[in-house]
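Secondary and tertiary structure notes
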There are 4 protein chains.
Amino acid sequence: MKEFDKKEAIFNAMLELIVKHGFHASPMSDVAKHANVAAGTIYHYFKSKDELICALYVRHKEQMNEILFKNDDPSRLFKDRFRIFYLLLFNHYTKNKNEFIFLEQFINSPFVNTFSRADLQKFDQPTYDFIRKAIFTQVLRDISPKILISMIMGSAHALIKLQLSGEYNISLSELETAFLVCWDGIKRP
Amino acid sequence: MKEFDKKEAIFNAMLELIVKHGFHASPMSDVAKHANVAAGTIYHYFKSKDELICALYVRHKEQMNEILFKNDDPSRLFKDRFRIFYLLLFNHYTKNKNEFIFLEQFINSPFVNTFSRADLQKFDQPTYDFIRKAIFTQVLRDISPKILISMIMGSAHALIKLQLSGEYNISLSELETAFLVCWDGIKRP
Amino acid sequence: MKEFDKKEAIFNAMLELIVKHGFHASPMSDVAKHANVAAGTIYHYFKSKDELICALYVRHKEQMNEILFKNDDPSRLFKDRFRIFYLLLFNHYTKNKNEFIFLEQFINSPFVNTFSRADLQKFDQPTYDFIRKAIFTQVLRDISPKILISMIMGSAHALIKLQLSGEYNISLSELETAFLVCWDGIKRP
Amino acid sequence: MKEFDKKEAIFNAMLELIVKHGFHASPMSDVAKHANVAAGTIYHYFKSKDELICALYVRHKEQMNEILFKNDDPSRLFKDRFRIFYLLLFNHYTKNKNEFIFLEQFINSPFVNTFSRADLQKFDQPTYDFIRKAIFTQVLRDISPKILISMIMGSAHALIKLQLSGEYNISLSELETAFLVCWDGIKRP
DNA sequence: GATGAATGAGCTTTCATTCAT
DNA sequence: GATGAATGAAAGCTCATTCAT
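Residues numbered from 1 in each chain as written. Chains lettered and ligands numbered in written order. Predicted model: local features only at pLDDT ≥ 70, side-chain atom pairs only at ≥ 80, totals over all residues. Heavy atoms only, no water.

When helices and strands are tallied, chain A shows 10 helices and 0 strands. Put simply, chain A runs from its N terminus to its C terminus through helices and strands in the order α-α-α-α-α-α-α-α-α-α. With the C-alpha coordinates of chain A rotated into their principal frame, the extents come out at 60 × 35 × 30 Å. Considering chain A as a whole, with its 189 residues, one finds that 50% of them fall into the buried category. For chain A, the exposed area adds up to about 9,200 Å²; of that, 52% sits on carbon and sulfur atoms. In chain A, 25 side chains carry a positive charge and 22 a negative one; their mean positions are 2 Å apart. (Helix = DSSP H or I, 4+ residues; strand = E, 2+ residues; numbered from the N terminus. Buried < 20%, exposed > 50% of the residue type's maximum accessible area, 1.4 Å probe, protein only. Areas by Shrake-Rupley, 256 points an atom, 1.4 Å probe, with all protein chains shown as cover. Lys, Arg positive; Asp, Glu negative; His and termini not counted. Charge placed at Lys NZ, Arg CZ, Asp CG, Glu CD.)

Dropping the structure here:
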């Protein structure tokens, strides 16, 4: 078994357990069991439980940026690009529930404070640039990009959470309407 | 010291500790210390740590509903009523950071699963009714109230989080613009 | 069972185990077992294993100073007082092997560095004063008390170690000769 | 790199780490790192950590006997030979602090029990013979050589420890006086 | 009601040692 | 010979909870 495999196995085991039981109810011994490695092995790849959890966050953010922006085509109309962004976000997380739940748990826990504000901003740089340019070109409302991004992502995440909760099943047409709710709010009037 | 005082002291101590260190780093012994009671005393008021945390959540939700709706005047224009709701939400949480951080941490942790879906909905009933009626009277978009509420609250909370993060200071006029971003998205076009 | 009893039981259990197996082979779980307390109980009385070990050292030094000096009579001839000191030292340690072995292990381990030089000197203050005065009154050689004390205690401890090793059994008359070996070396010629 | 070099490197790394952190805080992985070899390599040269530590002790004792006795000239006056022995001992250890601290730590730890009494005596045979003959020729007091050696070495080591502690700096003339303290005690009166 | 010493299961982490390469 | 990833038993320590006072 190659190193790559074990590290991945540990990541996946930790992700699954955190989602199911939370940080404090996911002992390293269980992570080891689920990853099919010895407890000590985890400590070859990660200095501590905290570091493993933070590495999981970093890995996720990098993967998401890849997913959201790898096919973005700046020559197209912004509204269309933004719609694709919105749908990619929704689709990825509703199909990868664990990643979403982990993410929400992480960013609302004191673990985030492990990172400096600058580090955290770095992960969101692609989204920040995406929105900032659209404000600059007068496509979006003339308001701080930070505020706009917060509102966009906040409402999108809430929508994803609703879907994942099983409390309500969002149809495709409702998703398109939700996109419009967002778009009508942020576009320059 | 009256019973009331001790229970309140325990609530406040737990709230403060959770916000500062997270659930798993807030031992009951520390709660006792901060509340100036003996460790055993907590167990007169709450069956367990989990129960205490859940009771804290219930207390908070009830207080918030009181704050948000006690002065709501159904005879006024919905847009105005909604604006007040939006500002009350923002103002309360930006002035009571601990409550907000606890809330976000709680609802994104496996603790929420302590409650049945029905119980959780009960806490949000006032908001649900508030929005549902406005859809019914054709003031708001014709879309599931659950979706609309998710998006409204998601974006509002994200805004509050931005303000509390210290990363950006939202001015009064920006707050009014943010309200419009929200309103323009949800109002019936 | 009173607090005093448990703390004492922990002290004694730790002492015995360290002597038998060394610091690193005396797990807290064994200490707990030998002291008939729960593992966690040790941590009510001592913040950590290291602190327990250091407290053991402090306790020992205080007891020894009591033993060595409580009956010292400054009105007597110094040689006699010193002889009593010498014999008390030898007798106490040969009858309390564990204390001696712990002490030697402790002061030759990196644990001593827990204490500042000043703290360590404080424990030896009574002996220091005892010897310094005898140098001042021209009974002992005119040499730094630190040097004299080192040589006295070093040779006395080595003698005790010889006796405790079982390699050789020191008779009473040999002990008196050993005292003279010491005395003839340190007295003012 | 020759075998010799690696074994030496391992010895030196272990010595340094033990002195700095003690036996129980000197992991083999650190020894490997400091010696610039792989962890597994240590096990080609030594069966276990304990064996490595014991081998270190043996190596040291052999080196010391070489140093102390290689230039001893039995035709000279015993007092002079003993003085040289005394000064060699002091000089070597005050210039090789690590060796001294390791030695003291080792002989006061349960590790010594790895060796039989006979083995331990073998290492001290040269010193034993040196002193025994001087008693036999009536130069030294008529007392068991074991007692005499214990007292000599005990006081000498205590002196070295004083110097190494940095607590007091022993001058050359004080060292000569210390030698006389020793000599006046042991010489036949 | 209130206390806080005591519990002990269970946590994170370490580290001597092995073995496939 | 040499490597260092992998092991897993065992360490130090924490903390929710209990119960005699």
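Inspection of the region around DNA strand E gives 30 residues, with Lys49 of chain A, Thr41 of chain B, Thr41 and Tyr45 of chain C together with Met28 of chain D positioned closest. Here the atoms of DNA strand E within 4 Å of the protein split so that 68% fall in sugar or phosphate, with bases taking the remainder. Note that a phosphate oxygen of DNA strand E is positioned 3.1 Å from one of the backbone N or O atoms of alanine 38 of chain B. Interatomic distance of 2.6 Å between a side-chain N/O atom of threonine 41 of chain B and a phosphate oxygen of DNA strand E. Where the surface near DNA strand E is concerned, the elements lending two or more residues are helix H3 (39–45) of chain A, helix H1 (3–21) and helix H3 (39–45) of chain B, helix H3 (39–45) of chain C together with helix H3 (39–45) of chain D. The residue makeup of the surface near DNA strand E, split by class, is 14 nonpolar, 11 polar and 5 charged. (Near = heavy atom within 4 Å. Polar contact = N/O pair within 3.5 Å; in protein donor to acceptor, adjacent residues only side chain to side chain. Nonpolar A, V, L, I, M, F, W, Y, C, P; charged D, E, K, R; others polar.)

The interface of chain D with chain C comprises 41 residues on the first partner and 41 residues on the second. Here chain D and chain C share an interface that buries about 3,300 Å² over both sides, 67% of which is from carbon and sulfur atoms. For chain D, the biggest contributors to the area lost against chain C are Asn108, Met151 and Val181 of chain D; these three give 19% of the whole. The tally of links between chain D and chain C comes to 4 salt bridges. Linking lysine 146 of chain C and glutamate 167 of chain D is a salt bridge whose minimum nitrogen-to-oxygen distance equals 2.6 Å. At the level of secondary structure, the elements contributing two or more residues to the side of chain D that touches chain C comprise helix H1 (3–21), helix H6 (97–107), helix H7 (117–123), helix H9 (145–165) and helix H10 (172–186) of chain D. Residue contributions to the side of chain D that touches chain C peak at 12 residues, all from H9 of chain D. A class-by-class count of the residues in the side of chain D that touches chain C yields 17 nonpolar, 15 polar and 9 charged. (Contact = heavy atoms within 4.5 Å. Buried area = accessible area lost by both parts, 1.4 Å probe. Salt bridge = Lys/Arg side-chain N within 4 Å of Asp/Glu carboxyl O.)

Attention shifts here to the pattern of salt bridges. Going through the model one piece at a time under the given rule, you end up with 52 salt bridges over all chains. Arginine 81 of chain C serves as the salt-bridge partner of aspartate 72 of chain C, at 2.8 Å between the closest nitrogen and oxygen. Across the salt bridge formed by aspartate 119 of chain D and lysine 122 of chain D, the nearest N and O atoms sit 3.7 Å from each other. Residue aspartate 119 of chain D and its partner lysine 122 of chain D are both found in helix H7; the two are separated by 3 residues, about one turn of the helix. Owing to a relative accessible area of 29%, aspartate 119 of chain D belongs among the partly exposed residues under this scheme. Via salt bridges that share partners, Arg141 of chain A together with Asp184 and Lys187 of chain B belong to a single interconnected network.

Expressed as a screw operation, the relation of chain A to chain B combines 0.0 Å of axial shift with a rotation of 180 degrees, fitting to an RMSD of 0.1 Å. On the angle and the small slide along the axis, the relation comes out as a two-fold axis. Most of the interface of chain A is mirrored in chain B: 100% of its interface residues are interface residues there too. (Least-squares fit on C-alpha atoms with pLDDT ≥ 70 in both.)

All names here are of chain D. Two numbers describe how helix H5 (residues 78–95) lies on H6: the axes approach to 5 Å, and their chain directions differ by 100 degrees. In terms of orientation, H5 lies roughly perpendicular with respect to H6. Residues His92, Tyr93 and Lys95 of H5 form the contact with H6, whose participating residues are Lys97, Glu99, Phe100 and Leu103. Among the residues forming the contact of H5 with H6, the class breakdown is 3 nonpolar, 1 polar and 3 charged. (Axes fitted to C-alpha atoms, helices over the stretch in contact; angles between N-to-C directions. Parallel < 35°, antiparallel > 145°, perpendicular 65-115°, else oblique.)

Attention shifts here to the relation of the copies chain D and chain C. Overlaying chain D with chain C gives an RMSD of 0.1 Å, the required rotation being 180 degrees about an axis along which the chain moves by 0.0 Å. A share of 100% of interface residues in chain D that are also interface residues in chain C marks the association as one of identical surfaces.

Moving on to the packing of aromatic side chains. What the rule picks out here adds up to 88 aromatic pairs over all chains. With centroids separated by 5.7 Å and ring planes inclined at 35 degrees, the aromatic side chains of phenylalanine 69 of chain B and phenylalanine 85 of chain B adopt a geometry described as tilted. Placement of phenylalanine 69 of chain B in helix H4 (residues 49–69) and of phenylalanine 85 of chain B in helix H5 (residues 78–95) is noted, with a sequence separation of 16 residues between them. Residue phenylalanine 85 of chain B is classed as buried on the basis of its relative accessible area, which comes to 3%. Relative to phenylalanine 123 of chain C, the ring of tyrosine 57 of chain C lies with its centre 5.6 Å away and its plane at 90 degrees, an arrangement referred to as edge-to-face. Of this pair, tyrosine 57 of chain C sits in helix H4 (residues 49–69) while phenylalanine 123 of chain C sits in helix H7 (residues 117–123); the two residues are 66 residues apart in sequence, bridging distant segments of the chain. Using a relative accessible area of 3% as the deciding quantity, one classes tyrosine 57 of chain C as buried. Residue phenylalanine 123 of chain C is classed as buried on the basis of its relative accessible area of 8%. What links up through ring pairs into an aromatic cluster is the set Phe69, Phe78, Phe82, Phe85, Tyr86, Phe130, Phe179 and Trp183 of chain A. Of note, lysine 122 of chain C hangs over the ring of phenylalanine 123 of chain C, and the distance from its end group to the ring centre comes to 5.6 Å. (Phe/Tyr/Trp six-rings, centres within 6.5 Å; stacked < 30°, edge-to-face > 60°. Lys NZ or Arg CZ within 6 Å of the ring centre and 35° of its normal.)

It is worth spelling out the protein's contact with DNA strand F at this point. The environment of DNA strand F is formed by 30 residues, the closest being Thr41, His44 and Tyr45 of chain A, Met28 of chain B together with Lys49 of chain C. Among all atoms of DNA strand F positioned within 4 Å of the protein, those belonging to sugar or phosphate total 69%. The contact in question runs from a base nitrogen of DNA strand F to an N or O atom on the backbone of glycine 40 of chain A, over 3.3 Å. In the model, a phosphate oxygen of DNA strand F is placed 2.4 Å from a nitrogen or oxygen of the threonine 41 of chain A side chain. Those elements giving two or more residues to the surface near DNA strand F turn out to be H3 of chain A, H3 of chain B, H3 of chain C together with H1 and H3 of chain D.

Turning our eyes to something else, we now look at the interface of chain A and chain B. Listed per partner, the contact involves 41 residues of chain A and 42 residues of chain B. A combined buried area of about 3,300 Å² lies between chain A and chain B, and 67% of that area is made up of carbon and sulfur atoms. Among the residues chain A hides against chain B, the three largest losses belong to Asn108, Met151 and Val181 of chain A. Together they make up 19% of the total. Applying the counting criterion to the chain A and chain B interface returns 4 salt bridges. Here arginine 141 of chain B makes a salt bridge to aspartate 184 of chain A, at a shortest N to O gap of 2.4 Å. Remark: the boundary between chain A and chain B carries 12 residue pairs in polar contact (both at pLDDT 80 or more). In terms of residue count, the dominant contributor to the side of chain A that touches chain B is helix H9 (residues 145–165) of chain A (12 residues). A class-by-class count of the residues in the side of chain A that touches chain B yields 17 nonpolar, 15 polar and 9 charged.

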